[in-house]
Amino acid sequence: MIKFYIDTTGDVIGRFSAKKWADWINSFVVEKALITVNKHVSIGEELIWLGDIARKMKDGTLAMIIAIDEGKNAIAGTCEVRRDPLYGHNVSFGLAVHKNYRKQGIGTRLLKKGIEVAKDHFKAKNLWIEYIEGSEAAKKLYEKLGFVECCEMPNYVECYGEYRKIIRMAKLD
Ligand SMILES: CC(C)(COP(=O)(O)OP(=O)(O)OC[C@H]1O[C@@H](n2cnc3c(N)ncnc32)[C@H](O)[C@@H]1OP(=O)(O)O)[C@@H](O)C(=O)NCCC(=O)NCCS
């Protein structure tokens, strides 16, 4: 059974070791998924990431929605909800679902919960999300939840040796 948790303190993230979080992100690197991390992450680097997450949660600029496969004690998906530290009325999201759990509606549920947290917890006025060119699944999912394209940033990220544009979308309602 997949359960969805809202983590604003690091308690849920702390259920998994740095090794398990590194394995999680590296599974996307192995499949060459179109996300901004595209190099193998060491456990040391993952520990730095976990420290950064804890600091941002403490500062009130980050929450995470985590989908957990309770039977397997596995991370199925995550949605980072990031409040801009300078302009706090802007909130953006980072969404990822493990390949074994895709096309079951988990990405949709994660982002819907992320939007609720952005509005209720962070009192967001503007909601932003980005995807890397070529990520049709992300584009369709974001459009389905009411995001519309507002700008393109050419050659913005280097993905596995190739520069790609980032498409930024906003949810205006
Ligand atoms: C994008 C991603 C989060 C979608 O997660 P998911 O759990 O498979 O999504 P859902 O099952 O909720 O599907 C939601 C919608 O996305 C679209 N979608 C999902 N997979 C798709 C695919 N392979 N191709 C085209 N559209 C797809 C569909 O429109 C679907 O809606 P529908 O079922 O009503 O038709 C997931 O594929 C992923 O993590 N990919 C790798 C990382 C990534 O691209 N992250 C996002 C951007 S940077």
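Please read these numbers as outputs of a predicted model, since none were measured by experiment.

Visitor: Break down the sheet that holds strand β7 (residues 162-171) for me, citing the residues and quoting the values.
Guide: Spatially, the 7 strands line up as an open sheet ordered β1-β2-β3-β4-β5-β7-β6, and their pairing is mixed. The open sheet has two edge strands with one neighbour each: β1 (2-7) and β6 (147-159). Going from strand to strand, the sheet's axes swing by 20 degrees on average, the running direction of each strand aside. Strand direction decides the pairing type here: β6 and β7, joined by 9 bridges, are antiparallel. Along β7, the bridge assignment pairs Cys159 with Glu162. Each of β1, β2 (62-69), β3 (74-83), β4 (90-97) and β5 (126-132) is contacted by helix α3 (residues 106-120), which is oriented at about 30 degrees to β3, the strand it contacts most.

Visitor: I'd like a description of the site of the ligand, backed by residues and values.
Guide: Close contacts around the ligand come from 22 residues, with Arg102, Gly107, Thr108, Ala137 and Lys140 the closest. Put simply, the parts of the chain that give the shell around the ligand at least two residues each are β4, α3, β5 and α4 (136-144).

Visitor: Explain the pairing of β5 to me, and be specific about the residues and the numbers.
Guide: As paired strands, β4 and β5 are joined by 4 bridges and run parallel to one another. Its bridge partner lying in β5, Phe93 is registered against Ile129. In terms of handedness, the path from β4 via α3 over to β5 forms a crossover that is right-handed. Pairing geometry for β5 and β7, over 6 bridges, is antiparallel. From the neighbouring strand, Trp128 faces β7, where its bridge partner is Ala170.

Visitor: An account of the environment of His89 is requested, with residue identities and associated values reported.
Guide: Within the secondary structure, His89 is located in the loop between β3 and β4. Considering only alpha carbons, one finds His89 and Leu127, 38 residues apart in sequence, at a separation of 8.6 Å. Setting aside chain neighbours within four positions, we find His89 in contact with Ala124, Lys125 and Asn126.

About the cut-offs
Residues numbered from 1 in each chain as written. Predicted model: local features only at pLDDT ≥ 70, side-chain atom pairs only at ≥ 80, totals over all residues. Pairing = 2+ DSSP bridges. Helix = DSSP H or I, 4+ residues; strand = E, 2+ residues; numbered from the N terminus. Axes fitted to C-alpha atoms, helices over the stretch in contact; angles between N-to-C directions. Contact = placed C-beta atoms within 7 Å. Near = placed C-beta within 6 Å. Right-handed = clockwise from strand over helix to strand, strands pointing away.

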